Each structure stands twice: as structure tokens, then as C-alpha cells.
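Fold and contact review
In case you want the letters, here they are:
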Amino acid sequence: MIRDLILKNRSYRRFYQDEKIERKTIEELIDLARLSSSGGNLQSLKYIISCDDDKNKIVFSHLKWAAYFKDWEGPEEGERPSAYIIMLRDNKISNNQLWDHGIACQSILLGAAERGLGGCMFGSADKQGLRKDLRIPEEYEVLLVIALGKPREKVVLEELREPNDVKYWRDENQVHHVPKRKLKDIILD
């Protein structure tokens, strides 16, 4: 079952924007992160929820979409995420950023996949712009943004064609292809 969820948990970049996600659902996903492991059990992560159109437009304007798609500015209106989670670290609790945010993201996105939703993590964002526009106090560091919605695109995994060609791509039918290394190539005896 966990393998199926991991296979469903892709980086989706196009969504059915009109399929809204209730705040309660987002809170349930954040609760999965809350219950996950935390280095030293410090639990320094905090979250801002965005699930209304006005706030979503603000968040969307600060994201940098799909680095390998040079001529793509991100999803068009109608294909944008219907919700976002902005993940913060409370620097009054800890300034250590080793792995908590990765564990929390995985928990949130697996929970989303279980509910038929998809998402995409953004470390590449205008974090100062987000801070300013969302009035985020200085004691909170913006770590990343998670876009959420009902996926509108198909994402398929395939083996690497060339040893170091890890770039994802879209075919003529707009199917998103993600190359993965072979298991035998990542296990060192």
C-alpha cells in the first residue's frame, strides 16, 4: 500500500483549479506532518494555509515553476493549484534545517495522494516576497511552499535514457515523464 501511494505522489504542476480543497482537509494533512518524526522532537515547523482565491493568487505569484521547462511560466488560469501550504521554521524553537521539512512534506503529500490529491514542493520561490505579502513575522523562516490540488496531468516514471539525464519532460500529449535511476545503480555493496 505504501508503494502505491509513493507511486501516486508525483510532482504535479497542473490541476483542476475549480476543485476546491476544504481548510479542514489541509489541516488533516498538516496533522500528519505534526505527528511525524522531528529532529530532537523540537517540532519547530509552522504552517500557513491558503485555500481561497485571493490568497492563492498571492502565493502563486511568488513561485518558480519547473526549472527544466524553460519556456513555461507555470500553469494557466484554470490549471493552478486550489490550495497551498507555506512551511515555516520557528527560529525561536530551532534554527536547524536538516530534515524535518522533508519528512513533513512527504507526510503531507502522501496524505494528499491517499485522498486523490496531488502536489508539488517549491523550494524555489520568492521567499522575501511571500514574507512581505503574507505579513510573516521575522522569527519565522520561509522554508518552502506545497501546492495542492486535484491533478490534471498524467505523470509517468521511466528509466534514465542516459546515465545522467535526469531532466523531466513532456511529450506531444502533455504527459509528464520523470526519469529514475535503476535500483541496481543506487545500491553500493
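Up top you'll find the structure we're talking about.
Remarks on the overall build of the chain
Helices and strands together make up the secondary structure of the chain, namely 6 helices and 7 strands. Secondary structure elements in the chain, listed N-terminal to C-terminal, are α-α-β-α-β-α-β-α-β-β-β-β-α. Whereas a compact globule of 189 residues would reach a radius of gyration of roughly 16 Å, the chain reaches 17 Å, a difference of no more than 12%. Its C-alpha atoms give the chain principal-axis dimensions of roughly 45 × 45 × 30 Å. With 189 residues in all, the chain has 46% of them scored as buried. Across the chain, the fraction of contacts at a sequence separation of at least 24, relative to all contacts at a separation of at least 6, is 74%. Put simply, the chain shows about 11,200 Å² of open surface, and 48% of that area lies on carbon and sulfur atoms. One finds the centroid of the 32 positive side-chain charges in the chain at a distance of 2 Å from the centroid of its 32 negative side-chain charges.

Description of the nonpolar core
In this structure, Val59, Leu63, Ile86 and Val145 are the most contacted members of the largest nonpolar core, which totals 26 residues. Looking at which element gives the most residues to this core, the answer is strand β4 (residues 140-149), with 4 residues. Ranked by size, the runner-up nonpolar core spans 20 residues in total, among them Ile21, Ala33, Leu109 and Leu148.

Some words on the pairing of strand β7 (residues 176-180)
For β7, the tally of buried residues reaches 4 of 5 residues, placing the bulk of the element in the interior. Bridge analysis of strand β5 (residues 155-159) against β7 gives 5 bridges, and the strand direction is parallel. Along β7, the bridge assignment pairs Leu157 with Val178. Note that strand β6 (residues 169-170) and β7 share 2 bridges and pair antiparallel. Directly across from Trp169, in β7, lies its bridge partner His177.

Here's the deal with the pattern of salt bridges
On inspection of all chains with the given rule, the structure shows 16 salt bridges. Two residues, Asp90 and Lys46, come together in a salt bridge whose shortest N-O distance is 3.1 Å. With Asp90 in strand β2 (residues 83-90) and Lys46 in strand β1 (residues 45-50), this residue pair connects regions lying 44 residues apart in the sequence. Note on Asp90: relative accessible area 3%, which makes it buried. Overall, the relative accessible area of 30% leaves Lys46 in the partly exposed class. Glu141 is the salt-bridge partner of Arg89, the closest N and O atoms lying 2.2 Å from each other. In this pair, Arg89 sits in strand β2 while Glu141 sits in strand β4, placing the two residues 52 residues apart along the sequence. On the basis of relative accessible area, Arg89 is assigned to the buried category, the value being 4%. Among the residues examined, Glu141 registers a relative accessible area of 28% and is labelled partly exposed. Salt bridges linked by common partners bring Arg14, Glu153 and Arg170 together as one network.

Digging into the environment of Ile2
Mapped onto the elements of the fold, Ile2 is located in helix α1 (residues 2-8). Overall, Ile2 belongs to the exposed group, its relative accessible area being 52%. Between the alpha carbons of Ile2 and Ala112 there is a distance of 13 Å; along the sequence they are 110 residues apart.

Reading the values: the criteria
Residues numbered from 1 in each chain as written. Predicted model: local features only at pLDDT ≥ 70, side-chain atom pairs only at ≥ 80, totals over all residues. Heavy atoms only, no water. Helix = DSSP H or I, 4+ residues; strand = E, 2+ residues; numbered from the N terminus. Rg over C-alpha atoms; globule rule 2.2 N^0.38 Å. Buried < 20%, exposed > 50% of the residue type's maximum accessible area, 1.4 Å probe, protein only. Contact = heavy atoms within 4.5 Å. Areas by Shrake-Rupley, 256 points an atom, 1.4 Å probe, with all protein chains shown as cover. Lys, Arg positive; Asp, Glu negative; His and termini not counted. Charge placed at Lys NZ, Arg CZ, Asp CG, Glu CD. Core = buried A, V, L, I, M, F, W, Y, C linked by side-chain atoms within 4.5 Å. Pairing = 2+ DSSP bridges. Salt bridge = Lys/Arg side-chain N within 4 Å of Asp/Glu carboxyl O.

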